[in-house]
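Listed below are the residues making up each chain.
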Amino acid sequence: MYRVKYNNKDYGEFKKLSDALYERDALFFCNFDYDLLVECDLENKYENMVLPPFPEKRPKGRIKGTKVNKKEREGEILFNHKIKKFYIQKGDETIGQYDTMTEAFYYKKILMANKWDKNILKTNITKKIEVNIIIDPAVEYEVQLNFCPKCKNRLKIGETECPSCGINIEEYLFNR
Ligand SMILES: [Zn+2]
């Protein structure tokens, strides 16, 4: 059996080493947040890997500098109490303003996968859906586009015409 342990907390037992390693990575990837873990779609790179047997006893204690490097490498999600929004902090840079941590996490993941090239955010069109509302099938819900579907320019809330390429967004979406 392989056990995933971190800061004296137990995170489960696994028969396969590849499963344990995957769980460990996923936990770190999601900052040990189980809500995020459920949505985590990290690829299991250990599945078809030949893994060496580990020595029975390993020196105890945290590996030096991992925490600092991780923050530097992967950035972190922080909360701005003044405006009540989550944002991504990477080095000296602050990126975005998000209503939920899940949303911030989603963008952080995209940035990480694209070597922190912020242009990638322009090409990821997302629609915001309030997750906690009770859906009434008789009601038509408004979906807010964050980016122009044609030129990917960022849109302000409620904007009906793209300020960059000039298209009427509704016409563009429905008359194609
Ligand atoms: Zn446009």
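Residues numbered from 1 in each chain as written. Predicted model: local features only at pLDDT ≥ 70, side-chain atom pairs only at ≥ 80, totals over all residues.

## Details of unusual backbone geometry
Then comes step 1: If you check the backbone angles, Asn 7 has positive phi at about 50° while not being a glycine.
Then comes step 2: With a phi close to 65°, Asn 8 is a non-glycine residue in the positive phi region.
Then comes step 3: Within the element layout of this structure, Asn 8 appears in the loop between strand 1 (2-6) and strand 2 (9-14). (Helix = DSSP H or I, 4+ residues; strand = E, 2+ residues; numbered from the N terminus.)

## A word on the nonpolar core
Then comes step 1: The biggest cluster of nonpolar side chains holds eight residues, and these are Ile 77, Phe 86, Ile 88, Tyr 98, Ala 104, Phe 105, Tyr 107 and Leu 111.
Then comes step 2: Secondary structure elements with two or more residues in this core: strand 4 (85-90) and helix 4 (101-113).
Then comes step 3: Top element by residues in this core is helix 4. It accounts for four residues.
Then comes step 4: The contacts of Tyr 107, once residues within four sequence positions are left out, are Ile 88, Gly 96 and Leu 121. (Core = buried A, V, L, I, M, F, W, Y, C linked by C-beta atoms within 7 Å. Buried ≥ 20, exposed ≤ 12 C-beta atoms within 10 Å, placed from the backbone. Contact = placed C-beta atoms within 7 Å.)

## Examining the sheet that holds strand 3 (residues 76-80)
Then comes step 1: Judged by pairing direction, the sheet is antiparallel, and its three strands sit side by side in the order 3-4-5 without closing on themselves. This sheet does not close on itself; its edge strands, each paired only once, are strand 3 and strand 5 (93-98). In this sheet, neighbouring strand axes are inclined to one another by 30° on average, regardless of whether the strands run parallel or antiparallel. (Pairing = 2+ DSSP bridges. Axes fitted to C-alpha atoms, helices over the stretch in contact; angles between N-to-C directions.)

## Looking at the confidence of the model for the protein
Then comes step 1: Looking at the protein, pLDDT values average 80 and 83% of them are 70 or higher.
Then comes step 2: For the protein, strand 6 (residues 127-128) is the element with the lowest average pLDDT, namely 55, and strand 4 is the one with the highest, namely 92. (pLDDT = per-residue confidence, 0-100.)

## Some thoughts on the pairing of strand 3
Then comes step 1: Relative to strand 4, strand 3 runs antiparallel, the two sharing five bridges. Within the sheet, the bridge partner assigned to Leu 78 lies in strand 4 and is Tyr 87.
Then comes step 2: Between the antiparallel neighbours strand 3 and strand 4 lie four residues, among them Lys 84 with a positive phi of about 55°.

## Concerning helix 1 (residues 17-29)
Then comes step 1: In this model, helix 1 (13 residues) spans 18 Å end to end at C-alpha, consistent with the 18 Å of a helix rising 1.5 Å per residue.
Then comes step 2: A positive backbone phi angle near 55° is found at Asn 31, which sits one or two residues after helix 1. (Expected span 1.5 Å × (residues − 1).)

## Regarding the pairing of strand 1
Then comes step 1: Of all five residues that make up strand 1, zero are buried, and the element is exposed over most of its length.
Then comes step 2: In terms of strand pairing, strand 1 meets strand 2 through four bridges, oriented antiparallel. The partner of Tyr 2 across the bridge, within strand 2, is Phe 14.
Then comes step 3: Joining the antiparallel neighbours strand 1 and strand 2 is a turn of two residues, in which Asn 7 adopts a positive phi near 50°.

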